[in-house]
Amino acid sequence: MKDKFYQYILQLQDQITASLEAVDGKAKFREDLWERPEGGGGRTRVIENGAVFEKGGVNISAVHGKLPETMQKMFGVGEADFFACGLSLVIHPINPMVPTVHANWRYFEMYDDYGNVINSWFGGGQDLTPYYLFEEDAKHFHQTCKTACDKHNFEFYPKFKKQCDAYFWNAHRNEARGVGGLFFDYCKGNKDLSMEDWFNFVSDVGNSFCEAYVQIVEKRKALIYTAEQKTWQEIRRGRYVEFNLVHDKGTLFGLKTNGRIESILMSLPPHVQWHYDHHPVAGSEEEKLIQILENPKDWV
């Protein structure tokens, strides 16, 4: 399964980067191949200073070795060997009318002393972080997620949408990071769903990404915006940074397993602002967004 999933994310990375380069029309992804001293490595692709995308990364890693002590405590296990691979992406557009997007699809295995798999699971999801709320964009993103889920189980979308709202919650701000999407983790084989079933589900979600996001970019990338709206985007990006550095399990996993720091912090935008005790103007489009973030809603 690990070889099958790794081959899948290699292909998915090619598909997504080609699609994003086409919609940008100017910038190309720079590729870095890297190795992890303890075992494994990855293929990082970063786009910067484009016509549409200010900064973004679509990264693959496949790492293995001894499970670090901090991760042993997290999983409630003793010493063990592990393998983890996944594709992680974050795209930060220039235009504040275009939302930031994040996605991740991953697979994890743990082994006994004889190299036998004793635990394995899939995880991942995709979520949207707008700076200005176009409700039809949120509905399109969520409908695309739901369509991918419904091919496998009608209970998946409401369950994983709810988990997304709970996970991407900036608790210290008491607001959501964005308008959500899907989040699933520890998806293990059982009597109802084999690991092959989970692979098919995760790959269908991954394959839906370009439809979910690129259509929104095409629709919004040429909209006019003001300097004040750009400032608002950068203030909201500050909340994005706070979540990634304080709460995000993927970032923490990378830091605690001696991952490649440039790839881990690729998710951080280049221009961010923090204003003391900032509040949007009452009745404004900015306040409308905040009200949604404080009370996540059902989009489909």
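The rules we used
Residues numbered from 1 in each chain as written. Predicted model: local features only at pLDDT ≥ 70, side-chain atom pairs only at ≥ 80, totals over all residues. Heavy atoms only, no water. pLDDT = per-residue confidence, 0-100. Helix = DSSP H or I, 4+ residues; strand = E, 2+ residues; numbered from the N terminus. Axes fitted to C-alpha atoms, helices over the stretch in contact; angles between N-to-C directions. Parallel < 35°, antiparallel > 145°, perpendicular 65-115°, else oblique. Contact = heavy atoms within 4.5 Å. Nonpolar A, V, L, I, M, F, W, Y, C, P; charged D, E, K, R; others polar. Pairing = 2+ DSSP bridges. Buried < 20%, exposed > 50% of the residue type's maximum accessible area, 1.4 Å probe, protein only. Patch = residues over 30% accessible without salt bridge, like charges linked within 9 Å, V, L, I, M, F, W, Y side chains within 5 Å. Areas by Shrake-Rupley, 256 points an atom, 1.4 Å probe, with all protein chains shown as cover. Salt bridge = Lys/Arg side-chain N within 4 Å of Asp/Glu carboxyl O.

Visitor: So what about the confidence of the model for the protein? Which residues, and what values?
Guide: Model confidence for the protein is summarised by a mean pLDDT of 93, while 100% of its residues fall at 70 or above. Within the protein, helix α2 (residues 69–75) has the poorest average pLDDT of any element, 74, and helix α3 (residues 135–150) the best, 98.

Visitor: Which residues make up unusual backbone geometry, and what values do they have?
Guide: Here the phi dihedral of N174 falls at roughly 60°; this positive angle occurs in a residue that is not glycine. Among the secondary structure elements, N174 is positioned in the loop between β7 (169–170) and β8 (175–176). Of note, Y186 is a non-glycine position whose phi angle comes to about 50°, a positive value. When you line up the elements, Y186 lands in strand β9 (residues 180–187).

Visitor: Got a sec to walk through the packing of helix α1 (residues 2–24) against helix α6 (residues 209–220)? Specific residues and values, please.
Guide: One way to put it is that α1 packs onto α6 with a least axis distance of 11 Å and a crossing angle of 10°. Of the possible angle classes, the one that applies to α1 and α6 is roughly parallel. Across the interface between the two elements, Q15, I16, S19, L20 and V23 of α1 pack against F209, C210, Y213, V214, V217 and E218 of α6. Considered class by class, the residues forming the contact of α1 with α6 number eight nonpolar, two polar and one charged.

Visitor: Lay out the pairing of strand β1 (residues 30–35) in plain terms, naming residues and giving numbers.
Guide: The pairing of β1 with strand β2 (residues 40–48) spans six bridges and is classified as antiparallel. Opposite E31, over in β2, you have R45 as the bridge partner. Between the antiparallel neighbours β1 and β2 lie four residues, among them G39 with a positive phi of about 140°.

Visitor: I'd like a rundown of the pairing of β2, residues and numbers included.
Guide: The two faces of the sheet receive side chains in turn, since in a regular strand these alternate between them. Within β2, seven of the nine residues are buried, leaving the element largely enclosed by the surrounding structure. Sheet analysis places β2 next to strand β3 (residues 53–66), joined by nine bridges and oriented antiparallel. In the strand pairing of β3, R43 is matched with I60. Between β2 and β3, which follow one another and run antiparallel, lie four residues, and N49 among them has a positive phi close to 55°.

Visitor: Go over a nonpolar patch on the surface, please, and point to the residues and values.
Guide: Nonpolar side chains collect at one region of the surface, where L245, V246, L255, I261 and L265 lie side by side and expose about 400 Å² of accessible area between them. Relative to the assigned elements, L245 resides in helix α7 (residues 227–246).

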